[in-house]
Amino acid sequence: ASFVTQTAVTGGEDALVGNVNKLIVSPPGYSGTPRKGHLVFDACFESGNLGRVDYISEFEFDLFIRPDTCNPRFRVWFNFTVENVRETQRVIFNVVNFSKTKSLYRDGMSPVVKSTSRPKWQRLPAKNVYYYRCPDHRRNYVMSFAFCFDREDDVYQFAYCYPYTYSRLQHYLATLERRNLPYLQREQLGLSVQQRRLDLLTITNSEREKKLVFLTARVHPGESPASFVCQGVIDFLVSQHPVAQILRDHVIFKIVPMLNPDGVYLGNYRCSLMGFDLNRHWQDPSPWAHPTLHAVKQLIVQMNQDPRVSLEFYIDVHAHSTMLNGFMYGNVFEDEERVQRQAVFPRLLCQNAPDFSFSNTSFNRDVVKAGTGRRFLGGLLDDTSYCYTLEVSFYSYMTAGSTAPVPYTEETYMKLGRNVARTFLDYYKLNNLIKDNRPTPIQSASLCCCFATKFKM
């Protein structure tokens with residue numbers, strides 16, 4: 001489903017309805033065959049996003065993010081290629097129409113880049129990136145970055161963060177399926193509006209009466225780190241690691257790795273194809289407008305009514321655009337004992353994951369969050385269940401000993417996922433629901449402090 005580029009005669013951001021398609025940007029007045037250095041921009045590929053390019057000078061180009069489909073409010077994710085470069089050509093790209101003002105670009109974040117001869121994503125040096133209010137663009141915030149092209153035959157790709165596409169997920173799940181693991185089941189829970197698969201994984205040794213953990217990711221399509229975290233969880237749970245084997249004996253894990261496959265495919269930041277922020281529609285999802293959400297909610301409600309199922313955890317994985325580290329949001333309860341119990345899992349995770357921050361973790365009851373998975377399911381499930389949003393920074397984390405932020409990589413996002421999975425064993429051992437003879441890395445004494453903690457309401 002490639003877009004058509006249309007720029008209205010009047011121009012302006014409202015004219016952006018599609019992605020640029022092999023757009024040759026030559027100097028004004030130039031006609032004839034494009035020369036080397038007349039850059040060719042493209043975003044007509046999966047998860048691509050670039051709506052318009054304005055030539056400012058030989059060295060400078062203004063780039064406009066294409067808003068989410070059917071929703072002009074969200075302009076954050078970008079992902080595009082540049083080719084037909086001249087060796088040693090230096091350029092400044094200005095991304096001029098971000099919809100958010102607060103951004104990790106103020107804290108040293110930079111876009112990621114790769115090229116055909118260097119296919120591994122890397123972050124641009126922070127010293128080449130500037131984030132500022134620009135008088136030329138209605139005092140909007142602009143992110144400018146300087147770049148030097150060094151290989152004429154390379155195609156360069158720039159993105160807001162490491163992309164994780166729908167096709168990548170399908171390839172990963174197909175590879176997992178081919179391993180014929182007895183404890184892994186993949187099923188199609190439903191289809192998106194554009195008929196993409198909504199996958200559900202079940203990981204357990206046998207589905208007799210057990211505790212159930214439900215995990216979802218990518219309800220917000222531009223939050224690609226959530227997919228790396230989710231893959232880390234899956235990789236660990238299907239592995240031969242002793243902790244994973246014990247967990248599969250005692251717990252059923254159900255995982256929906258991509259709640260918004262259309263949004264991911266289309267290169268949206270926040271919304272589905274039809275412009276809905278799905279994470280505000282849990283209370284009453286429509287089977288035709290929000291089919292993926294409707295299918296997941298139906299499954300959770302059905303499981304919750306089954307006396308044989310004890311749905312203990314619901315965790316929805318997101319990425320955060322202004323904060324560092326991994327952290328969690330939980331719900332607020334009147335019952336002090338339930339508040340304390342809810343704090344246990346994040347505290348245990350803090351012990352296992354050096355990039356997870358308990359001090360950033362908070363418990364809230366904002367009205368604007370009422371339609372989120374965490375809030376809706378927190379009200380639906382009983383008081384022995386825990387519902388969390390797990391957030392991870394788009395940029396970096398601080399550890400106890402670090403003086404400067406450490407940028408996340410695809411691998412360290414996955415590692416956070418592995419640590420989340422491991423933490424379930426610590427949780428269940430602490431509650432004497434799983435007994436094994438290995439020493440617990442976390443003694444319950446170290447948890448006593450969590451019962452004296454004051455929480456942000």
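Residues numbered from 1 in each chain as written. Predicted model: local features only at pLDDT ≥ 70, side-chain atom pairs only at ≥ 80, totals over all residues. Heavy atoms only, no water.

So, about the side chain of threonine 216. Note that threonine 216 resides in strand β14 (residues 210-217). Among the polar contacts made by the side chain of threonine 216, one reaches the side chain of tyrosine 314 at a distance of 2.7 Å. A polar side-chain atom of threonine 216 sits 2.7 Å from a polar atom in the side chain of aspartate 316. Sequence-distant contacts of threonine 216, defined by excluding residues within four places in its chain, comprise Val256, Leu259, Val296, Tyr314, Ile315, Asp316 and Val317. (Helix = DSSP H or I, 4+ residues; strand = E, 2+ residues; numbered from the N terminus. Polar contact = N/O pair within 3.5 Å; in protein donor to acceptor, adjacent residues only side chain to side chain. Contact = heavy atoms within 4.5 Å.)

Right, let's talk about the UniProt feature "active site" (unreviewed entry) in the chain for a bit. UniProt records the feature "active site" (unreviewed entry) at Glu391, using the numbering of this structure. Looking at where glutamate 391 falls in the secondary structure, it is placed in strand β19 (residues 386-393). Residue classification places glutamate 391 among the buried residues on the basis of a relative accessible area of 7%. (UniProt positions renumbered as here; feature names shortened; annotations may be inferred. Buried < 20%, exposed > 50% of the residue type's maximum accessible area, 1.4 Å probe, protein only.)

Moving on: a negative patch on the surface. On the surface, Asp335, Glu336, Asp382 and Asp383 cluster together to form a negatively charged patch. For aspartate 335, the location among the structural elements is in the loop between β17 (326-331) and α6 (336-342). By relative accessible area, aspartate 335 is classed as partly exposed at 35%. (Patch = residues over 30% accessible without salt bridge, like charges linked within 9 Å, V, L, I, M, F, W, Y side chains within 5 Å. Areas by Shrake-Rupley, 256 points an atom, 1.4 Å probe, with all protein chains shown as cover. Salt bridge = Lys/Arg side-chain N within 4 Å of Asp/Glu carboxyl O. Lys, Arg positive; Asp, Glu negative; His and termini not counted. Charge placed at Lys NZ, Arg CZ, Asp CG, Glu CD.)

So, about the domain arrangement of the chain. Taken domain by domain, the chain consists of domain 1 (23-159) and domain 2 (166-431). The straight-line distance from the C-alpha centre of domain 1 to that of domain 2 is 32 Å. Taken together, the contact between domain 1 and domain 2 spans 21 residues of the former and 28 residues of the latter. Here domain 1 and domain 2 share an interface that buries about 2,000 Å² over both sides, 53% of which is from carbon and sulfur atoms. When the buried surface of domain 1 facing domain 2 is broken down by residue, Glu46, Trp77 and Leu104 rank first, second and third, together holding 30% of it. Here domain 1 and domain 2 share zero salt bridges between them. (Domains from an automatic or database assignment. Buried area = accessible area lost by both parts, 1.4 Å probe.)

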